[in-house]
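Observations on the three-dimensional arrangement
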2 protein chains.
Amino acid sequence: MQILPPILLFVFALTVAHAADPLPSWNDGSTKEALIGFIEDAQTEGSDGYIPPAERIAVFDNDGTLWSEQPMYFQLLFAIDRLKALAEEDPTLAATEPFRAVLEADRETLRTYGMKEIGEIIMRTHAGLTEEQFAGVVRDWIEQARHPQTGMRYTDMTFQPMKELLEALRNAGFKTYIVSGGGLSFMRPWVEDVYGIPPVQVVGSRVKVEYRVTEDGPALVRLPELDLVDDKVGKPVGIYQVIGRRPVFAAGNSDGDFQMLEYTTSGPEPRFGLLVHHTDGEREYAYDRDSHIGRLERGLDEAEDRGWQIVDMARDWATVYGNEN
Amino acid sequence: MQILPPILLFVFALTVAHAADPLPSWNDGSTKEALIGFIEDAQTEGSDGYIPPAERIAVFDNDGTLWSEQPMYFQLLFAIDRLKALAEEDPTLAATEPFRAVLEADRETLRTYGMKEIGEIIMRTHAGLTEEQFAGVVRDWIEQARHPQTGMRYTDMTFQPMKELLEALRNAGFKTYIVSGGGLSFMRPWVEDVYGIPPVQVVGSRVKVEYRVTEDGPALVRLPELDLVDDKVGKPVGIYQVIGRRPVFAAGNSDGDFQMLEYTTSGPEPRFGLLVHHTDGEREYAYDRDSHIGRLERGLDEAEDRGWQIVDMARDWATVYGNEN
């Protein structure tokens, strides 16, 4: 019997660490197997699935893919909380539609409101401040606010299995990006702590900003006007503007992610498209074709033909938020 | 006398390598001293000039800062070459203004043309293709084209001292970005080879793109419409969209860079603003206040008050392109 020198023991320990399950919150099955196979092959020179390091770009939707999005987008809940705060400073808001109806939770009137009114609420609550001021408002809210149904912090309603997937991809040399219909400036302040994704790797919807020399010095002031809607066909456009390279891995959960997955998986192999299917009404929410939020129809119909993997949340995830038991 | 064990010799060798001049093409003087001091302090914990790694963001203008820009922006020379190529496929171009005047080098008529006509030429030569096709056109041109006055490749007309500065910043943990009025898609295909800056770290002017499922598959098609003019007040806006963090180091050469330097250097110290002053009519070009291209007036007037360093190209640079002698 040979005694291993310390350096070999060290290498051996590294190998064992490498062999540990990188996705412990995923139940065994074809989805987990496909993910692990893709990630391993991507790093294996000579493998058909090898991906040169510079091309290892993975994009993730946020709402419904990395965290929950029911009973409405969390950013809309932020907007409502912010509207309440603004109404304390400016009482005229409570007398002006569509703000009054929201502030008074006037369901009768709210039922008649649509995208136009939501747009007005978003603009009123998201514009006017400098980028740095707005980041502070978001940070405070993320710290304090609680979800109306679970009572949890919003950042605790992020999906543990997806966070493991992000980490496993990064360990394999992938750069992980968020590409979300949510607001760029709403996500940047907290995604690094929560997902390990730095603010510079966020693509999102955004308002126009204007450079001004303010009383507090030069700053970017947020205007009440949309500049990019990073949803549907807007997602590949956002990828062009910020990343400039076709990703090889894309994860989403709704038809708003369809074009991002289509664009990603239409390049030369290897490619990976992943759709999170919300099938778990017990631990999270169950919805798909008929949902107003995160509607998933075309994705379900075409996933098989396109070779996209579907996550059946109830079946594939051992935990949703990582807090069960 | 003690004999050093091999590991210490190795560490010693590293130290010597570290102490070598990181900016060999810069002549000794206050500019070089300030740059080296800033870079060393940024990495030195406990120093007043220490900068946490995540904040080490350095932005560089391209035209006139990293490469030459006379007798006109190189991208305009690209547009003219491309117009000639397009005219071979489509003879009607030669009969249509403003293209005819350019193709025939009709100086009389060209003298009457301004921004409107330049815009038409840029749009005609930069739109219509997919992003991937356009990148191919740019790559071919960069490979083959020669500067009308020097006969050099355009990528050989990049400034050796600035490339050393980029490298020195990166060695100190900075992320280096281009933030240029030039076209995003015109720069992305070659900047990594030439400057060591990956395509994802380029901010530039851009046209609108549209996601379409074309005959060749899903692609981003370039439209003849501007989306961002990344110049003057547009530079901090581009930084917001793509980087999302106020840089700590900015280098430019014209008043088109003024707001970028102002924005960068108005954050809490340490900060560095650098302006390349084209003073070398022998090795490069000499121009500033009266130039139509790369006009530098406000920058010269305010640099001292704002604490910005000015590079006197003739005095500070031992070589311009790195090819002398």
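The structure contained in this document is the topic of the report that follows. (Residues numbered from 1 in each chain as written. Chains lettered and ligands numbered in written order. Predicted model: local features only at pLDDT ≥ 70, side-chain atom pairs only at ≥ 80, totals over all residues.)

**Details of the overall build of chain A**
- In terms of regular secondary structure, chain A is built from 14 helices and seven strands.
- For chain A, whose C-alpha radius of gyration is 22 Å, the value lies close to the compact-globule estimate of 20 Å for 325 residues.
- C-alpha extents for chain A along the principal axes are approximately 85 × 45 × 40 Å.
- Classification of the 325 residues of chain A by burial places 39% in the buried group. (Helix = DSSP H or I, 4+ residues; strand = E, 2+ residues; numbered from the N terminus. Rg over C-alpha atoms; globule rule 2.2 N^0.38 Å. Buried ≥ 20, exposed ≤ 12 C-beta atoms within 10 Å, placed from the backbone.)

**Focus: the relation of the copies chain A and chain B**
- By a simple turn and slide, chain A fits onto chain B: the slide is 0.0 Å along the axis, the RMSD is 0.0 Å, and the turn is 180°. Here the symmetry operator amounts to a two-fold rotation axis. By C-alpha distance to the rotation axis, the residue of chain A lying nearest is Val242 of chain A, at 2.7 Å. (Least-squares fit on C-alpha atoms with pLDDT ≥ 70 in both.)

**Quick notes on the nonpolar core**
- Among the nonpolar cores identified, the biggest contains 132 residues, and Val59, Phe60 and Ile178 of chain A together with Val59, Phe60, Tyr177 and Ile178 of chain B are the most heavily contacted of them.
- Those residues in contact with Ile178 of chain A that sit more than four places away from it in its chain are Phe60, Asn62, Met187, Val191, Ile197, Gln201, Val202 and Val203 of chain A. (Core = buried A, V, L, I, M, F, W, Y, C linked by C-beta atoms within 7 Å. Contact = placed C-beta atoms within 7 Å.)

**Examining the pairing of strand S2 (residues 175-183) of chain A**
Residues and elements named next belong to chain A.
- Across the nine residues of S2, nine count as buried, placing the element largely inside the fold.
- Sheet analysis places strand S1 (residues 57-60) next to S2, joined by four bridges and oriented parallel. Counted as the bridge partner of Ile57 is Lys175 from S2.
- Here S2 pairs with strand S3 (residues 202-214) via four bridges, running parallel. Bridging across to S3, Ser180 finds its partner in Gly204. (Pairing = 2+ DSSP bridges.)

**Comments concerning the interface of chain A and chain B**
- Listed per partner, the contact involves 24 residues of chain A and 24 residues of chain B.
- Contributing elements (two or more residues each) for the side of chain A that touches chain B: S3, strand S4 (217-228), helix H11 (234-242) and helix H12 (258-265) of chain A.
- The element best represented in the side of chain A that touches chain B is H11 of chain A, accounting for five residues.
- Taken together, the residues that form the side of chain A that touches chain B break down as 14 nonpolar, five polar and five charged. (Nonpolar A, V, L, I, M, F, W, Y, C, P; charged D, E, K, R; others polar.)

**Remarks on the sheet that holds strand S5 (residues 249-252) of chain A**
Residue and element names in this part refer to chain A.
- In spatial order, the strands read S4-S3-S2-S1-S5-S6-S7; together these seven strands make up an open sheet with mixed pairing. The open sheet terminates on both sides in strands that have one partner only, identified here as S4 and strand S7 (309-312). Adjacent strand axes in the sheet meet at a mean angle of 30°, parallel and antiparallel pairs treated alike.
- Pairing of S1 with S5, which is carried by three bridges, proceeds in the parallel orientation. Bridge pairing links Phe60 to Ala251 in S5. (Axes fitted to C-alpha atoms, helices over the stretch in contact; angles between N-to-C directions.)

**Considering the sheet that holds strand S1 (residues 57-60) of chain B**
- Pairing is mixed in the open sheet, where seven strands are placed in the order S4-S3-S2-S1-S5-S6-S7 (chain B). Only two strands of the sheet have a single partner each, and these edge strands are strand S4 (217-228) and strand S7 (309-312) of chain B. Mean inter-strand twist for the sheet, computed between neighbouring axes without regard to direction, equals 30°.
- Sheet contacts for H11 of chain A: strand S3 (202-214) and S4 of chain B; angle to S3 of chain B, the most-contacted strand, approximately 150°.

**Quick word on the environment of Arg139 of chain B**
All names here are of chain B.
- Counting through the fold element by element, Arg139 comes out in helix H7 (residues 131-144).
- Its 12 C-beta neighbours within 10 Å are what place Arg139 among the exposed residues.
- Here the alpha-carbon distance between Arg139 and Val237, two residues 98 residues apart in the chain, equals 28 Å.
- When sequence neighbours within four positions are dropped, the list of residues in contact with Arg139 reads Pro189 and Trp190.

**Notes on the packing of helix H3 (residues 74-89) of chain A against helix H6 (residues 115-126) of chain A**
All names here are of chain A.
- Between H3 and H6, the least distance of the axes is 9 Å, while the angle of their chain directions is 60°. When the axis of H3 is compared with that of H6, the two are oblique. The interaxial crossing formed by H3 with H6 has left-handed handedness. Of the residues in H6, those touching H3 at Ala79, Arg82, Leu83 and Leu86 are Ile121, Ile122, Arg124 and Thr125.
- For the contact of H3 with H6, the class distribution of residues is five nonpolar, one polar and two charged. (Parallel < 35°, antiparallel > 145°, perpendicular 65-115°, else oblique. Left-handed = near helix turned anticlockwise from the far one by under 90°.)

Read these as geometric descriptors, not functional statements.
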